[in-house]
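# Structural overview for review
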Amino acid sequence: MLMSKLVVKTLREAPADAEAISHQLLVRAGYIRRLASGIYSFLPLGLRVLRKVEAIVREEFDSVGAQELFLPALHPVEIWQETNRINTMDDVLMKVEVRGGDFVLGPTHEEAVIATVSPDLSSYRDLPATVYQIQTKFRAEARPRFGLLRTREFMMADAYSFDVDKEAMRSTYKMLFDAYCAIFDRIGIEYFPVEADAGSIGGDVNHEFMVPAAIGEDHFAYCKACGYAANIEAATRGERTVSTITSPAKEMRKVATPNSPTIKAVVDFLSGHGFVASAETSLKSMIVIDSQGAYHLLLVPGDRKVRIPSGMRAAEASDFEANPHLHLGYIGPIGMREVGVTIWVDRSISEEVGYCTGANEVGYHLLDVVLGRDYIADHVFDLVEVVDGDPCPRCDGDIALVRSVEAGHTFQLGLTYSNKIKSARFSSEDGSEAPYYMGCYGIGISRIPAVVAEVSHDANGLIWPLELSPFEVVVVALGYGSNDLVTEAADRIYDSLIDEEVDALLDDRNLAAGVKLKDADLIGITYQIVVGARGVADGNVEVKDRRTGEASVVAIAEVTDFLLDLLA
RNA sequence: CGGGGAGUGGCGCAGCGGCAGCGCACCUGGUUUGGGACCAGGGGGUCGGGGGUUCAAAUCCCCCCUCCCCGACCA
């Protein structure tokens, strides 16, 4: 490809709306362009990178026997009604009403894949089977941001596995998990498969593939000592001693605490009125609602954030209005069981400490409330979000939080969908009908270029790993079109590379040397061959590795072989 | 959905009642060619949209739209 023909124009300055470094560089270097908020076009350079990501995913999926198919992006609303995700995923669904019916633009394809392949997987003899596709997905993101990292329309590869039972599903999962590791190994960036929360997709065991990055919207807990890694939404912590707290358990008593609906306000109020109070010895009370609509009270130390158990959601204003026993800002455990609220207590809450808690009466709190003496817990559980320095749940080490971007997610779905979808059945060996044990495996194809850009760039621009580089090499001809020696040498080198089937780009533009060198660095192609008048006079060119900055002077006659060695 | 900020040429910005500008990019000619050149000439804008105030509106007022940032559960 000749750069003079390539549809690209680099920018000296990034658009003002680009915050993330990947967003700035991908736009400046001419890989992508915004069409609307959270909607991006891929220009020729960007598409080349996208195709490389796709190729890696295809190769690794194919190598474990997954078969590619292609599902529609437009789904009839009926299949979403069957699983009720038309309601449970309402906040992200894009709906289309047109002549001919109501449709959903697919944000994920569990319903569609089952509807498509279940006739082909009607017998235990047809299982196990794994299919995958690379498709455009749509989500009505609350807030698209960071360029390609969070968009409303994006490219995703998603695989779905079908097995006869749990054990078979686990073994398939392991196989796909390994394929994911192979994919990320080839992409060549640091990543961590972390234990994760199932979220709205449902299911059991699952892992997120996290890439540490400053811009990341997620955090995972990581223990250097043993390798424990879990999303902050799923991470637990080891035992913590509460030895620093000494508060003789006096009689429980009620005090007036006007206008103190938060932990901070209560502690400030009590401290200002002669009481001993701290966030650590206050109980943070949070009402959550389970999938059956039942109310639960979660109690954690006031200095910690609550981690809502999966399957539950935080109560909303309407839930409080529906229950006259709940007084926002003054909720506590005393009397809650009697009105049908289940009490969950965090493991770290001590039975030897008198805590401050809401009195379930507006404007009042209770002091010296003791677990086991004044109230009992229905469940003792890990209910706090881990923080830096918490003890590791698996060893004696400490947990550190790592900011990261989610690049992939693998799930053991089990029967989550098969139980809801009538057609998700096969005839088993004994002739009875059985549901599929499923797995699903998603990787954000269009997010990968941005993730790589986030972690692989320098002050001059992008730095592509060879596996993703839009071209393998760019021939930067300084003085092309005006210096005959340079022009001839560059043409000869370029032709020779093409003859050897190297994916080469020739910068044949008649521009100042500085512009061409800056562009080459900005675009970030892995290898550069710099052809300049100085070197050509001696019969040499310079081969530079964009990743390391290392440059070698190579004779023109040998440069093709030299590069082939590098690419081998 | 709540709070904050911003919409002026492809991109970055200035102008804030009186002829719509600058840098980059683009076009023509010439000079230049190892780190974002130089000289000369040129093209491109219903100043986000609508309404209002005014002799006069990019500029003041009202409504709407779009974009960006922060938050959206701790009771």
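From a predicted model like this one, the values you see are computed outputs, not experimental measurements.

On to the overall build of chain A, then. Along chain A, the regular secondary structure elements total 13 helices and 31 strands. Considering only C-alpha atoms, chain A reaches an extent of 95 × 65 × 50 Å along its principal axes. In chain A, which comprises 568 residues, the share counted as buried stands at 51%. Within chain A, contacts between residues separated by at least 24 positions form 69% of all contacts whose residues are at least 6 apart in sequence. Per element, the accessible surface of chain A, about 25,500 Å² overall, is 50% carbon and sulfur.

In this section: the domain arrangement of chain A. You'll often see interface size given as the accessible area lost when the parts meet. Each assigned domain of chain A is listed here: domain 1 (21–235 + 401–453), domain 2 (253–381) and domain 3 (471–567). Computed over C-alpha atoms only, the centres of domain 1 and domain 3 are separated by 40 Å. A salt bridge links Asp-503 to Arg-48, with the shortest nitrogen-to-oxygen separation between them at 3.0 Å. Where domain 1 touches domain 3, the interface holds two residue pairs in polar contact (both at pLDDT 80 or more). Those elements giving two or more residues to the side of domain 1 that touches domain 3 turn out to be α1 (21–28) and α2 (44–63).

Right, let's talk about the sheet that holds strand β17 (residues 342–346) for a bit. Strands sit in the order β16-β14-β15-β17-β20 across an open sheet of five strands; the sheet is mixed. With partners counted over all chains shown, the strands left at the sheet margins are β16 (313–314) and β20 (379–381), one partner each. Taken together, the two bridges between strand β14 (residues 283–289) and β16 define a ladder with antiparallel strand orientation. Counted as the bridge partner of Val-288 is Ala-314 from β16.

All right, on to the pairing of strand β11 (residues 218–223) then. Across six bridges, β11 lies against strand β21 (residues 399–414) in antiparallel orientation. The partner of Asp-218 across the bridge, within β21, is Ser-404. Bridging between β11 and strand β12 (residues 229–231) involves three bridges; their strand directions are antiparallel. Paired with Phe-220 across the bridge in β12 is Asn-231. The hairpin turn running from β11 into β12, its antiparallel successor, is five residues long, and Gly-227 in that turn takes a positive phi close to 85 degrees.

It is worth spelling out the protein's contact with RNA strand B at this point. For RNA strand B, the set of nearby residues contains 51 residues, the closest of which are Arg-12, Ile-263, Asn-510, Leu-511 and Asp-521. Per the 4 Å cut-off to the protein, sugar and phosphate atoms form 50% of the nearby atoms of RNA strand B. Between Glu-13 and RNA strand B, the recorded distance is 3.0 Å, taken from a side-chain N or O atom to a sugar or linking oxygen. Between RNA strand B and Glu-542, the relevant distance is 3.0 Å, taken from a base nitrogen to a side-chain nitrogen or oxygen of the residue.

Moving on: the nonpolar core. Core analysis: the largest hydrophobic core is formed by 64 residues, its most contacted members being Tyr-31 and Phe-61. Examining the composition of this core, we find that eight residues originate from one element, helix α6 (residues 166–187), more than from any other. Shared between two domains, this core takes at least three residues from each, and those domains are domain 1 (21–235 + 401–453) and domain 3 (471–567). By size, the runner-up hydrophobic cluster in this structure holds 24 residues, among which are Val-473, Ile-493, Ile-556 and Leu-563.

Right, let's talk about the pairing of strand β28 (residues 504–507) for a bit. Burial along β28 is two-sided: the residues Ala-504 and Leu-506 and Leu-505 and Asp-507 are all buried. With four bridges joining them, strand β27 (residues 473–477) and β28 adopt parallel strand pairing. When the sheet's bridge partners are listed, Val-474 is paired in β28 with Leu-505. The parallel pair β27 and β28 is bridged by helix α10 (residues 484–499), and the resulting crossover is right-handed.

Take unusual backbone geometry next. Negative phi is the rule for most residues except glycine; trans is the rule for most peptide bonds. Residue Pro-128 follows Leu-127 across a cis peptide bond; omega there is 0 degrees. Relative to the elements of secondary structure, Pro-128 occurs in the loop between α5 (110–117) and β7 (129–138). A positive phi angle is found at Asp-368, which is not glycine, with a value near 55 degrees. Checked against the element boundaries, Asp-368 lands in strand β19 (residues 364–369). You can call Asp-368 buried: its relative accessible area is 7%.

Another point: a negative patch on the surface. On the surface, a cluster of negative charge is made up of Asp-495, Asp-499, Glu-500, Glu-501, Glu-558, Asp-561 and Asp-565. Contributions of two or more residues to the negative patch are made by α10 and α13 (559–567). Looking at where Glu-558 falls in the secondary structure, it is placed in the loop between β31 (551–555) and α13. A relative accessible area of 51% places Glu-558 in the exposed class.

Right, let's talk about the packing of aromatic side chains for a bit. Per the counting criterion, the structure on display carries 17 aromatic pairs. For the pair Tyr-191 and Phe-209, a centre-to-centre distance of 6.2 Å together with 25 degrees between the ring planes defines the contact as stacked. In this pair, Tyr-191 sits in the loop between α6 and β9 (192–195) while Phe-209 sits in strand β10 (residues 206–212), placing the two residues 18 residues apart along the sequence. There is no split in this pair, since Tyr-191 and Phe-209 are both buried. Every member of this aromatic cluster is reached through a ring pair, and the members are Phe-61, Tyr-132, Tyr-173, Phe-177, Tyr-180, Phe-184, Tyr-191, Phe-209 and Tyr-441.

Glancing now at helix α11 (residues 513–523). Because an α-helix completes one turn every 3.6 residues, residues spaced three or four positions apart along the sequence face the same direction. Turning to α11, its buried residues number three or more, namely Lys-516, Asp-519, Ala-520, Asp-521, Leu-522 and Ile-523. Looking one or two residues beyond α11, the residue adopting positive phi is Gly-524, at roughly 80 degrees.

On to α13. Listing the buried residues of α13 in full gives Val-559, Thr-560, Leu-563 and Leu-567. All buried residues of α13 lie within an arc of 100 degrees about the axis, which places them on one face of the element. Among the exposed residues of α13, those pointing more than 90 degrees away from its buried face are Asp-561 and Asp-565. Elements that come into contact with the buried residues of α13 comprise β27, α10, β29 (527–531), β30 (540–545) and β31.

This next bit is on the side chain of Glu-141. Looking at the element boundaries, Glu-141 is found in the loop between β7 and β8 (153–163). At 3.2 Å, the side chain of Glu-141 and the side chain of Arg-150 are in polar contact. Here Glu-141 is in contact with Arg-150, Thr-151 and Arg-152, once residues within four sequence places are set aside.

The rules we used
- Every chain's residues receive numbers from 1 upward, in the order its sequence appears when written.
- The naming scheme follows written order: chains are lettered A onward, ligands numbered 1 onward.
- Note on the predicted model: pLDDT of at least 70 is required for a residue's local features to be given, and 80 or more for side-chain atom pairs to be given and counted; whole-chain, interface and lining totals, by contrast, use all residues.
- Working from all heavy atoms in the structure, the side-chain values ignore hydrogens and water.
- A run of H or I in DSSP becomes a helix once it reaches four residues, and a run of E becomes a strand once it reaches two; helices and strands are each numbered from the N terminus.
- For every residue, the accessible area obtained with a 1.4 Å probe (protein chains only) is divided by the maximum for its type, and the residue is called buried under 20%, exposed over 50%, and partly exposed between those limits.
- Throughout, a residue-residue contact means that at least one pair of heavy atoms, one from each residue, lies within 4.5 Å.
- Under the convention used here, a 1.4 Å probe and the Shrake-Rupley method define accessible areas, while residue burial counts only the protein chains that appear.
- These domain boundaries are the output of an automatic or database domain assignment.
- Here, a salt bridge means any side-chain nitrogen of Lys or Arg that lies within 4 Å of a carboxyl oxygen of Asp or Glu.
- For this analysis, a polar contact is any N or O atom pair within 3.5 Å, provided that within protein one partner can donate a hydrogen and the other can accept it, and provided that sequence-adjacent residues contribute only side-chain to side-chain pairs.
- A strand pair is defined by DSSP finding two or more bridges across the two strands.
- It suffices for a single heavy atom of a residue to lie within 4 Å of a molecule or strand for the residue to be listed as near it.
- In this description, a nonpolar core means a group of buried Ala, Val, Leu, Ile, Met, Phe, Trp, Tyr and Cys residues linked to one another through side-chain atoms lying within 4.5 Å.
- With the strands pointing away from the viewer, any crossover whose connection runs clockwise from the first strand over the helix to the second is right-handed.
- A patch consists of residues whose relative accessible area exceeds 30% and which take part in no salt bridge; residues with like charges are grouped when within 9 Å of each other, and nonpolar side chains (Val, Leu, Ile, Met, Phe, Trp, Tyr) when within 5 Å.
- Positive residues here are Lys and Arg, negative ones are Asp and Glu, while His and the chain termini are left out of the count.
- Taken as the charge location is NZ of Lys, CZ of Arg, CG of Asp or CD of Glu.
- We call Phe, Tyr and Trp rings a pair once their centres come within 6.5 Å, taking the six-membered ring for Trp, and we label the pair stacked below 30 degrees between planes, edge-to-face above 60, and tilted otherwise.
- The arc in question is formed by the directions pointing from the helix axis toward the C-beta atoms.

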